[in-house]
Amino acid sequence: MSPWKDKLPEGWRRVLQDALANPAFTRLQAYVEQERQRYTVYPPEEDLFSALRLTPYEQVKVLILGQDPYHGAGQAHGLAFSVKPGVRPPPSLVNMFKELHDDLGLPIPREGSLVPWAERGVLLLNAVLTVREATPNSHAGQGWEAFTDAVIRAVSAKEEPVVFVLWGAYAQKKQKLIDARRHVVLAGPHPSPLSASRGFFGSRPFSRVNAELEKRGREPIDWRLPA
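It should be emphasised that the depicted structure is a prediction, and the values quoted were computed from it without experimental measurement.

Looking at the environment of Ala 196
Step number 1: Within the element layout of this structure, Ala 196 appears in the loop between strand S6 (184-188) and helix H9 (205-215).
Step number 2: Sequence-wise, Ala 196 and Met 96 are 100 residues apart; in three dimensions their C-alpha atoms are separated by 9.0 Å.

A word on the environment of Lys 158
Step number 1: For Lys 158, the position within the fold is in the loop between helix H7 (144-156) and strand S5 (163-167).
Step number 2: Taking the C-alpha atoms as reference points, Lys 158 and Glu 33, separated by 125 residues in sequence, lie 32 Å from one another.
Step number 3: Contacts of Lys 158, omitting those with residues within four sequence positions, involve Tyr 57, Glu 58, Gln 59, Val 60, Arg 182 and His 183.
Step number 4: In this structure the side chain of Lys 158 is engaged in a polar contact, spanning 2.8 Å, whose partner is the backbone oxygen of Tyr 57.

Notes on the UniProt feature "active site" (unreviewed entry) in the chain
Step number 1: The residues that UniProt annotates with the feature "active site" (unreviewed entry) are Asp 68.
Step number 2: Among the structural elements, Asp 68 can be located in the loop between strand S2 (62-66) and helix H5 (91-104).
Step number 3: With sequence-adjacent residues up to four places away left out, Asp 68 is seen in contact with Asn 126, Val 128, Thr 130, Val 131, Pro 136 and Asn 137.

So, the packing of aromatic side chains
Step number 1: For the coordinates displayed, the defined rule picks out 14 aromatic pairs.
Step number 2: An angle of 80° between the planes, with centres 5.8 Å apart, marks the rings of Trp 4 and Phe 49 as edge-to-face. In this pair, Trp 4 is assigned in the segment before helix H1 (10-15) and Phe 49 in the loop between strand S1 (41-42) and helix H4 (50-54), connecting sequence segments 45 residues apart.
Step number 3: With a relative accessible area of 0%, Trp 4 lands in the buried category.
Step number 4: By relative accessible area, which is 4% here, Phe 49 ends up buried.
Step number 5: Between Trp 167 and Phe 200, the ring centres sit 5.3 Å apart and the planes meet at 90°, which makes this aromatic pair edge-to-face. With Trp 167 in strand S5 and Phe 200 in the loop between S6 and H9, this pair connects stretches of sequence that are 33 residues apart. Of the two residues, Trp 167 and Phe 200, both sit in the buried class.
Step number 6: Put simply, the rings of Trp 4, Phe 25, Phe 49, Trp 144 and Phe 147 pair up and form one aromatic cluster.
Step number 7: In this structure, Arg 132 packs its charged tip against the face of Tyr 39, placed 3.9 Å from the ring centre.
Step number 8: One Lys or Arg, Lys 158, reaches over the ring of Tyr 57 and ends 4.8 Å from the middle of that ring.

What counts, and where the lines are drawn
- Within each chain, residues carry numbers counting from 1 in the order of the written sequence.
- Per-residue local features of the predicted model are confined to residues with pLDDT of at least 70, and side-chain atom pairs are confined, for both listing and counting, to 80 or more; whole-chain, interface and lining totals are unaffected and use all residues.
- Think of the side-chain values as coming from all heavy atoms in the structure, minus any hydrogens and water.
- For the purposes of this entry, the term helix denotes a DSSP run of H or I that reaches at least four residues, the term strand denotes a run of E that reaches at least two, and both are numbered from the N terminus.
- For this analysis, residues touch if any pair of their heavy atoms sits within 4.5 Å.
- Throughout this description, a polar contact denotes any pair of N or O atoms lying within 3.5 Å of each other; where both atoms belong to protein, one of them has to be capable of donating a hydrogen while the other can accept it, and for residues adjacent in sequence the pair is counted only when both atoms sit in side chains.
- UniProt positions are given in the numbering used here, feature names are shortened, and annotations may be inferred rather than shown by experiment.
- Each Phe, Tyr or Trp ring (for Trp, its six-membered ring) is paired with any other whose centre lies within 6.5 Å, and the angle between the two planes then decides the class: stacked below 30 degrees, edge-to-face above 60, tilted in between.
- Only protein chains enter the calculation, and the probe is 1.4 Å; a residue is then buried if its accessible area is under 20% of its type maximum, exposed if over 50%, and partly exposed in between.
- By definition here, charges over rings are those cases where NZ of Lys or CZ of Arg is within 6 Å of the ring centre and within 35 degrees of the ring normal.

This is the structure we're talking about:
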């Protein structure tokens, strides 16, 4: 098996070298490859590190943290909250698009792919990067969390200010990994149907992210998606 670290861009390999050299990371790869032999696992191998590939370390301006990849056929492609073009947006993403419209007046996107955001400096990171089909959280506790915590710490170590968006209780537990003296943490309710009406709607996260970036002399994010 070719080492996963070879699939990562050079900038990420450099800042994650300790995590990549940890034997636990090798054990995690072996576990996931064994799972792929026995079950259908999402996302596909080629999409596993899409978030890190599409958003180079040097270009991260915003980090939006998700929990677990979508576990339905053809949905997950390595970006938190995003689905492949042509796949119906799941409920949390539909609610994000409603809020995007209400916040910035942008049209509701016709596709659920957030690749354009990733390419503009928004790191769409899940805390766990793989899942067994139809079995949510099935790969939690297998070692992904240590790796993605290392990603969050590496982003927190950047000199340029970054806006961290933590939706829901699970994401907010990661706040301890972030240097809030140098960076901005925007915490709020999750966009899922269970909690969107309890404070996500009306929270204006997209304009708030841009206001914080501009306040610190950074270019705002272009949140437009094909409509």
